[in-house]
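# Coordinate analysis (summary)
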Amino acid sequence: MKLDQNSVLRLAEHLENCELQARDTVKITDEYPDMDWDDAYAIQDEIRRRKLQRGARLVGFKAGLTSHAKMKQMGVSSPVFGFLVDSFAVSEGSELAVKELIHPKVEPEIVFVTKAPLRGPGCHVGTVLAATDFVMPGIEVIDSRYRDFKFDLKSVIADNTSASRFVVGGRAKPAADLDLRTLGVVLERNGEPVAFAAGAAVLGHPAAAVAMLANHLGARGEEIPAGSIILSGGITEAVAVKAGDNVKLQIQDLGSVSLRFN
Ligand code: OOG
Ligand code: MG
């Protein structure tokens, strides 16, 4: 670690306040160019601790930057991991107010729900599928706290990987009944298809992203508990939304989920 405890606490408070007040900031590596990966995750952990202390419930985790489309869009080259609390979940059919957010974008994701704990090291696609209860379509709303969505990996990790909201829906199916690599994915905005891909866009197999997440958590002494929701990462590039937009995600064999913005 390069940062002292006070700086970690101060940066966590700053980034969380930007989230809660919907205002942007410069990326934190501008001020702390020498901060390391442990510093970045320590800031994220402190944001999580602040939320849990105020009564939030940890409901799962997310992997991000797991597809080439996303890595290319954001100009970075490796996956990142974040946490999900109950207040991020939006129910299908409700509307999300754009003015509560900074500059939201949506991304199509395959969501895993676990029935057994997953603890790395050594997790792989097989162990993930064995621990998965079912998969569902999910739309993640990301909202980087950094100005113009411009960041580097350490800054985005500290910012809980831009996590903001998510909605799951469609049909829940056991993963063993599906070939997650070849599932077709179509994202529509206002009835117009805007992004397409297949599941394999995420690290060759979306369960590989969950395995990486479990191995990452394992290295930090944590596991993915049974009953967790895991967002395996945007399958296509993220799409900006504004008030009045209606976004619909269709995943082959898994039905559709949609979200409206006002
Ligand atoms: C970082 C979060 C990426 C994903 O699914 O790739 C992410 C960002 O692009 O702001 O959630
Ligand atoms: Mg995502």
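This text goes with the structure placed above it.
So, here is what we can say about the structure in this document. What you see is a predicted model, and the numbers here were worked out from it, not measured in a lab.

Conventions and cut-offs
Residues numbered from 1 in each chain as written. Chains lettered and ligands numbered in written order. Predicted model: local features only at pLDDT ≥ 70, side-chain atom pairs only at ≥ 80, totals over all residues. Pairing = 2+ DSSP bridges. Helix = DSSP H or I, 4+ residues; strand = E, 2+ residues; numbered from the N terminus. Buried ≥ 20, exposed ≤ 12 C-beta atoms within 10 Å, placed from the backbone. Near = placed C-beta within 6 Å. Nonpolar A, V, L, I, M, F, W, Y, C, P; charged D, E, K, R; others polar. Contact = placed C-beta atoms within 7 Å.

## Let's talk about the pairing of strand β8 (residues 192-198)
The pairing of strand β7 (residues 184-189) with β8 spans six bridges and is classified as antiparallel. The partner of arginine 189 across the bridge, within β8, is glutamate 192. Between the end of β7 and the start of β8, which pair antiparallel, lie two residues, with asparagine 190 showing a positive phi angle near 50°.

## Looking at the pairing of strand β4 (residues 105-114)
Of all the 10 residues making up β4, nine are buried; the element is thus mostly covered by neighbouring parts of the structure. Bridge analysis of β4 against strand β5 (residues 132-142) gives 10 bridges, and the strand direction is antiparallel. Bridging from a neighbouring strand, lysine 105 pairs with isoleucine 142 of β5. The pairing of β4 with strand β10 (residues 239-240) spans two bridges and is antiparallel. The residue of β10 that forms the bridge with valine 106 is valine 239.

## Examining the site of ligand 1
Around ligand 1, the surrounding shell holds 14 residues, and the nearest of these are Gly64, Lys70, Ser162, Gly233 and Gly234. At the level of elements, β1 (58-64), α3 (68-74) and β5 are the ones that each hand at least two residues to the shell around ligand 1. Residues that form the shell around ligand 1 fall into these classes: four nonpolar, six polar and four charged.

## So, the environment of histidine 103
Structurally, the position occupied by histidine 103 is in the loop between β3 (95-96) and β4. We classify histidine 103 as partly exposed; it has 18 C-beta atoms within 10 Å. C-alpha separation for the pair histidine 103 and aspartate 24, spaced 79 residues apart in sequence, amounts to 9.0 Å. Setting aside its immediate chain neighbours within four residues, histidine 103 contacts Asp143 and Phe149.

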